[in-house]
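Each chain, written out:
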Amino acid sequence: MKRAIFPGTFDPFTIGHYSIVQRGLKLFDEIVIAIGTNQAKKTFFSLEKRKEIINQAFVNEPRVKIMIYDSLTVDFARSIQANFILRGLRSVTDFEYEHSIADANRKIAGIETVILFTEYEYSYISSTVVRDLISYGKDISAFLPPNVQL
Ligand code: ADP
């Protein structure tokens, strides 16, 4: 069974994230969306809310699981027998970051990172943009996965 984790902060989970997971389901039998809590950074949405949003998006998809972790990502992956890390790539900036992390993860744990290029129409969508729009009272439903209500 091919299991991957899709790790991130997901503050909040956007339609860009959703698209990566949907496409990843063609490659993997199971995807664990892993909400990381080890970074000291303060989030806009609570952990419960971030989890609930992802849950709404995948309520009808038994091959997607949601878990919370606070360890090193590769240690978490190994603890649940996941041999792959799924990530999305929007830009050259993402590339530099993902490249160095992927190399480190393969060296220290033998875990391969599988990167999918974003779909063109989602390339500008980020959790940061969504948070900014919310704080100015804008409707962000087009940036969220289908069936998600904040
Ligand atoms: P992190 O804090 O680890 O960067 P994020 O929640 O910001 O977590 O993102 C998780 C993953 O989703 C990263 O690989 C990121 O590049 C990817 N991602 C975010 N937004 C998009 C998007 N619009 N299209 C494709 N991938 C995306």
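As the structure is a computational prediction, the values presented were derived from the model and not from experiment.

**Q** Is there a simple way to think about the side chain of Arg50 in this case?
**A** Structurally, Arg50 can be placed in helix 2 (residues 47-57). Buried charged residue Arg50 carries no salt bridge. Nearest counter-charge: Asp11, at 4.4 Å. Looking at Arg50, its side chain comes within polar contact range of the main-chain oxygen of Thr9, at 2.9 Å. Excluding anything up to four places from it in sequence, Arg50 contacts Thr9, Phe10, Asp11, Ile35, Gly36, Thr43 and Phe45.

**Q** Help me understand the nonpolar core in this model?
**A** Generally speaking, a soluble globular protein has its nonpolar side chains buried in company with each other. Ranked by size, the top nonpolar core spans 28 residues in total, and within it Phe6, Phe13, Val21, Ile33, Ile54 and Phe58 carry the most contacts. Looking at this core, the elements with two or more residues in it are strand 1 (3-8), helix 1 (15-24), strand 2 (30-36), helix 2 and strand 3 (64-69). Considering each element in turn, this core owes the most residues, four residues, to helix 1. Once you skip the residues sitting within four places of it in the chain, Ile54 turns out to touch Phe10, Phe13, Ile33, Ile35 and Ile66. By size, the runner-up hydrophobic cluster in this structure holds 12 residues, among which are Ile5, Phe76, Ala77 and Ala109.

**Q** Mind showing me how you'd approach helix 4 (residues 92-109) here?
**A** Given 3.6 residues per helical turn, the α-helix brings residues three or four places apart onto the same face. The end-to-end C-alpha distance of helix 4 is 25 Å, a good match for the 26 Å that 18 residues give at a rise of 1.5 Å each. Those residues of helix 4 that sit buried are Asp94, Glu98, Ala102, Asn105 and Ala109. One face of helix 4 carries all of its buried residues, which in axial projection span an arc of 70°. Turned more than 90 degrees from where helix 4 packs its buried face, Val92, Glu96, Lys107 and Ile108 sit exposed. Looking at the packing, one finds that the buried side of helix 4 touches helix 3 (73-79), strand 4 (84-89) and strand 5 (112-117). Just downstream of helix 4, Gly110 is the residue with a positive phi angle, here 70°.

Rules and cut-offs
- Here the residue numbering is sequential within each chain, running from 1 through the sequence in written order.
- Totals for whole chains, interfaces and linings use all residues, but because this is a predicted model, local features are given only for residues with pLDDT of at least 70 and pairs of side-chain atoms are given and counted only at 80 or more.
- Just so you know, side-chain values use all the structure's heavy atoms and leave hydrogens and water out.
- Counting from the N terminus, the helices are the DSSP runs of H or I reaching at least four residues and the strands are the DSSP runs of E reaching at least two.
- In this scheme, a residue with accessible area under 20% of its type's maximum is buried, one over 50% is exposed, and one in between is partly exposed, where area comes from a 1.4 Å probe on protein chains only.
- Just so you know, the count uses Lys and Arg for positive and Asp and Glu for negative, and it drops His and the chain ends.
- Counted as salt bridges are all cases of a side-chain nitrogen of Lys or Arg within 4 Å of a carboxyl oxygen of Asp or Glu.
- Any N or O atom pair separated by 3.5 Å or less is treated as a polar contact, with the protein-specific requirement of one donor-capable and one acceptor-capable atom, and with residues adjacent in sequence counted only for side-chain atom pairs.
- Any two residues having at least one pair of non-hydrogen atoms within 4.5 Å are treated as being in contact.
- As used here, the term nonpolar core means buried Ala, Val, Leu, Ile, Met, Phe, Trp, Tyr and Cys residues forming a set that is joined through side-chain atoms within 4.5 Å.
- To estimate the expected span of a helix, count its residues, drop one, and scale the result by 1.5 Å.
- What the arc describes is the spread of directions from the helix axis to the C-beta atoms.

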